[in-house]
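Listed here are the chains, written in short residue letters.
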Amino acid sequence: MKRLYTLLSVVGYCLMATAASAQDHFTFAARDLPQSILSNPAMRPSRGFVSMPIFGSLSLSFDNSFSYNNIIKKNGEGVRYLDTYGLLKATQGNNLTLLRMNLDLVNTGFFIGEQDYMGISLRTRVHVGTSLPDGLFGMILDNPIDEYKTFDISTIPNILGWAELGLSYTRDIDENWRVGGRVKYLNGVVSLQSTGMDITARKEYNRYVISGDYTLRGGNVNFANSSNMFGDALKNLSSNPGFAFDLGGTYRSDDERLNVAASVTDLGAIFWNANNSSIIQTHSNGKEYEFYGVDGLNGLINGTTSLGHVLDSAYTDISRTLNADTTRGKFTQMLPTTFQLAADYALGPYQRHHVSAGMVGMIPYHGKFHYALSAGYAYRTLTGTWQFMANYTYKSNNPVNLGLGVIMTAGKFQFYLATDNIIPAFSLASARGANISLGINFFTTRSEGRSSRRVSRYYY
């Protein structure tokens, strides 16, 4: 096992650590939901609360540029096959695979004054965002003998796992405006990140000419030690500090019908230590690698060598030609910052019916902006026990997402369940993404002497 196996192992480890993840738009349209404060620190509930540890505040989501049914078809005999044209069409210009997980170990909030609210959160988070090397699919699947072309097989991975301890503060400016902020101490767990792996393969008569440069950085990953790439990762967990901020604000009209919320979250970075972090960087100076095919095929046939050895041999030759160096070193990695904006308008004399619109934008990897636009409807019962929500979301890599959500509040107990895309429940093979958010909260007694209007006032 050498460098190629090491890189694949790191990617596989990080993907397995992520159960699946996208943004939850229902936190903007819900009333008195403690999970909303994690998306916007100004959106605090009307009472103090504590969420059930681990399973009480959980978000898992996955987004991709194509579904299983886009690329896997059945012939007349019912045999499944890879639709190469479908794969090329699905990946052309759509280059995002995104997975996210947020697991809250502690999530609580309480009043510290009539206009002041504080929250404490301890979370574990995973972010996997990467572009797809669609030129690689073209080189393998759409490669006629009599046609010469250059294939772009570049990719930009951004894989990050971390823990964060957050302290938020929310302030009521007046009856219309509310602002909030959160400061977070971060601790990096693992990272695989690049600002660009720019590689091209030029097809000629009897060979491919591979050229380009790349830089790949591993946080708590030692690329130089392929037999023990994680090395002393567990010992160095406390040596990867970071800091981040969340900022948010809300506005409520005098007639209490129009409500607007805006926020920016995860504005910060992690500083990876030099003891067990490493960097692979090429210095090709324009050199090109001539690839005539994979050596050792006879060994694969007769069983004297393995596929891993054959691929690793090719990777080693390419690395030598492009002059790749592996060094230990510290580096700074920015978090995937998220921008959020939402508006809600209440209809009817009792304001039971609400229509909303929202936008979520994110930087999943270097040079990419991923956005989602949503429009929704919510119905709230007169007693406040039930909230039923539905929305439609357009994402920059997936145009059709139909979501459903429900909140049940009975006394001091609250249950929340929502998904931004209900399609996987009926046809997982047709879905480009899946999302689920869960909240189990317990409200605490609010402070005495506080006016009921101010206590019940919420951002919507």
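Conventions used here
- Residues numbered from 1 in each chain as written.
- Predicted model: local features only at pLDDT ≥ 70, side-chain atom pairs only at ≥ 80, totals over all residues.
- Heavy atoms only, no water.
- Core = buried A, V, L, I, M, F, W, Y, C linked by side-chain atoms within 4.5 Å.
- Buried < 20%, exposed > 50% of the residue type's maximum accessible area, 1.4 Å probe, protein only.
- Helix = DSSP H or I, 4+ residues; strand = E, 2+ residues; numbered from the N terminus.
- Salt bridge = Lys/Arg side-chain N within 4 Å of Asp/Glu carboxyl O.
- Contact = heavy atoms within 4.5 Å.
- 1 Å grid on protein atoms, 1.4 Å probe; cavity = no way out; pocket = protein on both sides within 12 Å on 5 of 7 lines; lining within 4 Å.
- Points joined across faces, edges and corners; volume = space filled by probe spheres on them.
- Nonpolar A, V, L, I, M, F, W, Y, C, P; charged D, E, K, R; others polar.
- pLDDT = per-residue confidence, 0-100.
- Polar contact = N/O pair within 3.5 Å; in protein donor to acceptor, adjacent residues only side chain to side chain.

(A) Representation of the nonpolar core. Counting residues in each nonpolar core, the largest one holds 25 residues, and the members touching the most others are Ile199, Tyr208, Ile210, Tyr214 and Phe223. If you list the elements that add at least two residues to this core, you get strand E5 (97-111), strand E6 (116-130), strand E9 (177-203), strand E10 (208-219) and strand E14 (289-291).

(B) View of the pattern of salt bridges. All told, the structure shown has 14 salt bridges when counted by the stated rule. Of the charged contacts, one joins Asp172 and Arg44 as a salt bridge, the two residues approaching to 3.0 Å between their closest N and O atoms. Residue Asp172 is located in strand E8 (residues 158-172), and its partner Arg44 is located in the loop between helix H3 (36-39) and strand E1 (49-51); the two are separated by 128 residues in the primary sequence. Arg44 matches Asp172 in its accessibility class, with the two residues each being buried. Among the ionic pairs, Asp266 bridges to Arg125, the shortest N-O distance being 2.8 Å. Linking Asp266 in strand E12 (residues 258-272) with Arg125 in strand E6, this pair joins segments that are 141 residues apart in sequence. The pair formed by Asp266 and Arg125 is uniform in burial state, with each residue classed as buried. Each of the salt bridges in this network shares a partner with another, and the network as a whole consists of Asp104, Arg123, Arg125, Glu164, Arg182, Lys184, Asp246 and Asp266.

(C) Quick look at unusual backbone geometry. Backbone geometry at Asp266 places phi at a positive 60°, although glycine is not the residue there. Among the residues examined, Asp266 registers a relative accessible area of 2% and is labelled buried. One non-glycine residue, Asn285, adopts positive backbone phi at about 55°. Along the chain, Asn285 turns up in the loop between strand E13 (278-282) and E14.

(D) Structural detail: the environment of Thr327. Relative to the helices and strands, Thr327 resides in strand E15 (residues 324-328). Thr327 gets classed as partly exposed once you look at its relative accessible area, which sits at 42%. Placed 104 residues apart in sequence, Thr327 and Phe223 show a C-alpha to C-alpha distance of 8.2 Å. With residues near it in sequence (within four places) discarded, Thr327 still touches Ser277, Ser278 and Ile279.

(E) A look at empty space enclosed by the protein. Following the criterion strictly, the structure yields 4 cavities of 30 Å³ or more and no others. His25, Phe28, Ala29, Ser356 and Ser374 are the residues nearest the centre of the second largest cavity, which is lined by 25 residues in total. Taken together, the elements giving at least two residues each to the lining of the second largest cavity come down to helix H2 (26-29), E12, strand E17 (338-347), strand E18 (353-362), strand E19 (370-380) and strand E20 (386-395). The residue inventory of the lining of the second largest cavity, partitioned by class, reads 17 nonpolar, 7 polar and 1 charged.

(F) Fine view of the confidence of the model for the protein chain. In this model, the protein chain carries a mean pLDDT of 81, and residues with pLDDT of at least 70 account for 81%. Put simply, helix H10 (residues 452-456) is where the protein chain has its lowest mean pLDDT, 38, and strand E11 (residues 241-252) is where it has its highest, 96. Long-range and interchain partners of residues 1-23, a stretch whose pLDDT sits below 50, account for 65 contacts in this model, where long-range means more than four residues apart. When the criterion is pLDDT under 50, residues 447-460 qualifies, and its contacts beyond four places in sequence or with other chains add up to 55 contacts.

(G) Structural view of the environment of Glu288. With respect to the element layout, Glu288 can be found in the loop between E13 and E14. The partly exposed category is assigned to Glu288, whose relative accessible area is 40%. In sequence terms Glu288 and Ser211 are 77 residues apart; their C-alpha atoms lie 4.8 Å from each other. Here Glu288 is in contact with Arg202, Val209, Ile210, Ser211 and Thr321, once residues within four sequence places are set aside. A polar contact is formed between the side chain of Glu288 and the side chain of Arg202, at a distance of 3.3 Å.

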